[in-house]
Amino acid sequence: MEAKEQTILTKPILWFLTISTGLIVANIYYNQPLLGLIAKDFNITESKAGKIAMLTQMGYALGLFLIIPLGDKIARKKLILFSMFLTMLFLLTIATVTNLMLLYAVSFALGIVSVVPQLFIPMVAELSTENTRTQNIGMVMSGLLIGILASRMISGIVGDYFGWRFMFYIALGLMMLTTIFIYLLLPQTYPHFKGSYISLLKSVAHFAKTEPVLQLASLRGALGFGALSAIFTTLVFHLEEAPFLADASVAGMFGLVGAVGAVAAASVGRFTHYVSKNTIISISLLIILLSWMFTYFAGYTYWGLVVGFILIDFGLQSSHIMNQSVFFAINIKATNRLNTVYMVSYFLGGSLGTLLGAIAWEHYGWTGVCCIGVIFTAFALLAHILLYKKVER
């Protein structure tokens, strides 16, 4: 059976998974450049609007824990199609909602079911050879990060010209098309785990407790994504003030800027032939730390923000690809459960960064947001330097 599965991952299927990953993950980030418009529509403060983004990310983290392990137990295609149906339902609700508490609740629910890309990535890891695994993961991860970044650009422009609700109608249409192609093109893979759902979740906890390589990768990922989330959530508010006085579409354009770094990082796996993965991670975290020098000291100029965003996205994507390549090697038959531990940590870190970024903005402005980013990144780099030799197999 394993030999047959290895032949399924053709280039067209890899491209299909990459594009679908970007389209689906975009659903949880459309709201970020639209927070200012949503705040005006519901007549609420910016910090209350910021909770929408935070709840979506927290929902995503919960979905990772509850849904992704099932990819090791039941047929992934069936699980993916069911999640896509719920995604479409929640997008329609967000587009039409008029009650703030319902918007909070549905945004949280949308995050839970938007975990499909994290079923694609373990599938790619399993169906790749050892020599192509890092490069293939990098390609799909580039689709994921470009989806995150491009979603902000597109939603900012759509929000300015057509209103924030129209963006979610567009997302609904994209998900309908994606679901059709998933049904037609997605290959069948077969689960390896035969126990109950409870024992499945217990095995997730077991990996989290007993695998130091996974623990360190999860910490690096959480802190790195927390830093990025802090700045992206508050960027729209920063650009609304002097000297920029810009609208949501300008904030969204920084998604395109970040995509430059994401695309560049997609090929980072090739360097593993020359230097170790741990060295690449060290350099990546240093690049993220350097990015804050630009976003702070030149953060009131467009060129400073552009350079800063390219660097932070390049560094985060590079370390993310290396993190996943390292821990997937622990047990290739448990990729979904390993990915669950990592991605739950990753998005909990993102939720914390979003929350602390919003609080820092409210009390200390752009300086406070940059301080949050520096602290998160510095802790990630310090933990890596102190611990990676101790956890190496």
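Participant: It is not clear to me how unusual backbone geometry should be interpreted in this structure. Could you clarify?
Facilitator: With the exception of glycine, the majority of residues adopt a negative phi angle, and the majority of peptide bonds are in the trans configuration. Note that the residue after Ala-242, namely Pro-243, is joined by a cis bond; omega there is 5°. Along the chain, the position of Pro-243 falls in the loop between helix H11 (212–240) and helix H12 (248–265). Unlike most non-glycine residues, Asn-43 shows phi in positive territory, near 55°. Tracing the backbone shows Asn-43 in the loop between helix H3 (35–42) and helix H4 (46–66). Assessed through its relative accessible area of 72%, Asn-43 is described here as exposed. Of note in the backbone geometry, Leu-245 takes a positive phi value of approximately 50° without being a glycine. Following the sequence through the fold, Leu-245 ends up in the loop between H11 and H12. For Leu-245, a relative accessible area of 64% puts it in the exposed group.

Participant: In this structure, what is going on with the packing of aromatic side chains? I would like to understand it.
Facilitator: When we look at a pair of aromatic rings, we describe it by the centre distance and by the angle of the planes. Here the structure, examined in full by the defined rule, presents 12 aromatic pairs. Ring centres 4.5 Å apart and planes at 10° place the aromatic pair Phe-225 and Tyr-346 in the stacked group. Residue Phe-225 is found in helix H11, and its partner Tyr-346 is found in helix H15 (residues 335–391); the two are separated by 121 residues along the sequence. Like Tyr-346, Phe-225 is buried. Ring geometry for Phe-327 against Tyr-342: centres 4.9 Å apart, planes inclined by 40°, an arrangement best described as tilted. Of this pair, Phe-327 sits in helix H14 (residues 302–328) while Tyr-342 sits in helix H15; the two residues are 15 residues apart in sequence, bridging distant segments of the chain.

Participant: What is the right way to look at the packing of helix H7 (residues 117–127) against H15 in this model?
Facilitator: In a pair of packed helices, the angle between the axes and the distance between the axes together describe the arrangement. Closest axis-to-axis distance for the H7/H15 pair is 9 Å, and the angle between their directions is 135°. With respect to H15, the element H7 is oriented oblique. As H7 runs across H15, the sense of the crossing is right-handed. Note on element contacts: H15 touches H7 through Thr-335, Asn-336, Asn-339 and Met-343, opposite Gln-118, Leu-119, Pro-122, Ala-125 and Glu-126.

What counts and what doesn't
Residues numbered from 1 in each chain as written. Predicted model: local features only at pLDDT ≥ 70, side-chain atom pairs only at ≥ 80, totals over all residues. Heavy atoms only, no water. Helix = DSSP H or I, 4+ residues; strand = E, 2+ residues; numbered from the N terminus. Buried < 20%, exposed > 50% of the residue type's maximum accessible area, 1.4 Å probe, protein only. Phe/Tyr/Trp six-rings, centres within 6.5 Å; stacked < 30°, edge-to-face > 60°. Axes fitted to C-alpha atoms, helices over the stretch in contact; angles between N-to-C directions. Parallel < 35°, antiparallel > 145°, perpendicular 65-115°, else oblique. Left-handed = near helix turned anticlockwise from the far one by under 90°. Contact = heavy atoms within 4.5 Å.

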